[in-house]
Amino acid sequence: MTTYFSEEHSVEAVNGRMAPDTDPRLKQVMASLVKHLHAFAKDVELTQAEWDYAIEFLTDTGHLCSEDRQEFILLSDTLGFSMLVDSINNRRPEGATENTVFGPFHIDDVPVRQMGDVISMDGKGEPCLYIGNVQDLEGNPIEGAVIDVWSDNADGFYDVQEPDTQPRGNNRGLFTTGADGAYHFIGVKPPPYPIPFDGTVGKMLAALGRPYYRPGHMHFMVIADGYEKIVTHSFVAGDPHLERDAVFGVKEQLILDFEKVDDDEVEWRSEFDIVMVPTP
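Since this is a predicted model, take the numbers as computed values, not measurements.

1. Let's talk about helix α6 (residues 200–208)
Consideration 1: Within α6, the full set of buried residues consists of Thr200, Val201, Gly202, Met204 and Leu205.
Consideration 2: Tucked inside the fold, the buried residues of α6 contact α3 (48–64) and α4 (71–78).
Consideration 3: Phi turns positive, to about 70°, at Gly209, one or two residues after α6.

What follows is the structure, encoded as structure tokens:
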């Protein structure tokens, strides 16, 4: 029986057009998307003007995207959607390091560093020693783990946000653990920073009266053969924005003390052990 479109039977009309041999997972995802999207429009009785504005908003969001800026990731982050998808896909046992949002500022061409290297290239900020171990759930060291780190500079900007003033690769580095699983490098104590608010996401947050700051943090992405990839942060304890993170990325386990030290080379020390889970 043919189902013509009507407000009452809109979901059935749309989902009924899928071919019988549609990939089962695609069919499940799209059917649910149509169901909930139509339910949303009916629930709020969406006006044509509002939908036109939404299309314009999404179009403008796409126009802002480039090799160095991903406004759609930022939109997903600020809606809490990135964290939700991340949580669903990274359910880990007790004792394992928790995941958090990837963020829009990672780059692929990360400078390869040696243990102990300084990753800050602009000479700004308060030097901080980052130190820790990559290990399994039993505390055994993991050799050959690749640790990709990145943070903002002392002014609260990533290198890709200031390509004309910051050296490419500033406050970034790629390290590989030895047999002891240990890592150490010198960066800067990361300050809190505003997410980019000159685009569509900034306009949305302003309209909602929401904060647009992230607490200070260092990004870590850790990959090792035989283990689940970890994408996480180390957050600065005491940061005033911890409970108002614009992208909902803070988890209590990831809030770490940054210890003030009396040292000629660094002013701070942050210890963060990363515990990985074997792949199934």
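Back to the write-up after that little detour.
2. Some remarks on the environment of Glu267
Consideration 1: Mapped onto the elements of the fold, Glu267 is located in the loop between β10 (259–260) and β11 (268–271).
Consideration 2: Once the C-alpha coordinates of Glu267 and Ala182 are considered, the two residues, 85 residues apart in sequence, prove to be 21 Å apart.
Consideration 3: Those residues in contact with Glu267 that sit more than four places away from it in its chain are Glu126, Pro127, Glu259, Lys260 and Val261.

3. A word on the packing of aromatic side chains
Consideration 1: Per the stated rule, a full pass over the model turns up 12 aromatic pairs.
Consideration 2: Ring geometry for Tyr130 against Phe185: centres 5.0 Å apart, planes inclined by 10°, an arrangement best described as stacked. Here Phe185 lies in strand β4 (residues 182–188) and Tyr130 lies in strand β1 (residues 127–135), a separation of 55 residues in the sequence. The two residues Tyr130 and Phe185 agree in class, both being buried.
Consideration 3: Considering the side-chain rings of Phe197 and Tyr212, the 4.6 Å spacing of their centres and the 40° angle between planes classify their relative orientation as tilted.

4. Some points on a nonpolar patch on the surface
Consideration 1: There is a patch of nonpolar side chains on the surface, built from Leu26, Val29, Met30, Leu33, Leu37, Phe40, Val44, Leu46, Trp51 and Ile55 and spanning about 840 Å² of accessible area.
Consideration 2: Put simply, the parts of the chain that give the nonpolar patch at least two residues each are α2 (24–44) and α3.
Consideration 3: Looking at which element gives the most residues to the nonpolar patch, the answer is α2, with seven residues.
Consideration 4: If you trace the backbone, Val29 turns up in helix α2.
Consideration 5: Since its relative accessible area comes to 38%, Val29 is described here as partly exposed.

5. Points about the pattern of salt bridges
Consideration 1: Here the structure, examined in full by the defined rule, presents 10 salt bridges.
Consideration 2: A salt bridge links Arg172 to Asp159, with the shortest nitrogen-to-oxygen separation between them at 2.7 Å. Placement of Arg172 in strand β3 (residues 172–176) and of Asp159 in the loop between β2 (146–150) and β3 is noted, with a sequence separation of 13 residues between them.
Consideration 3: Relative accessible area serves as the criterion here: at 1%, Arg172 is assigned to the buried category.
Consideration 4: Residue classification places Asp159 among the buried positions, given a relative accessible area of 3%.

About the thresholds
Residues numbered from 1 in each chain as written. Predicted model: local features only at pLDDT ≥ 70, side-chain atom pairs only at ≥ 80, totals over all residues. Heavy atoms only, no water. Buried < 20%, exposed > 50% of the residue type's maximum accessible area, 1.4 Å probe, protein only. Helix = DSSP H or I, 4+ residues; strand = E, 2+ residues; numbered from the N terminus. Contact = heavy atoms within 4.5 Å. Phe/Tyr/Trp six-rings, centres within 6.5 Å; stacked < 30°, edge-to-face > 60°. Patch = residues over 30% accessible without salt bridge, like charges linked within 9 Å, V, L, I, M, F, W, Y side chains within 5 Å. Areas by Shrake-Rupley, 256 points an atom, 1.4 Å probe, with all protein chains shown as cover. Salt bridge = Lys/Arg side-chain N within 4 Å of Asp/Glu carboxyl O.

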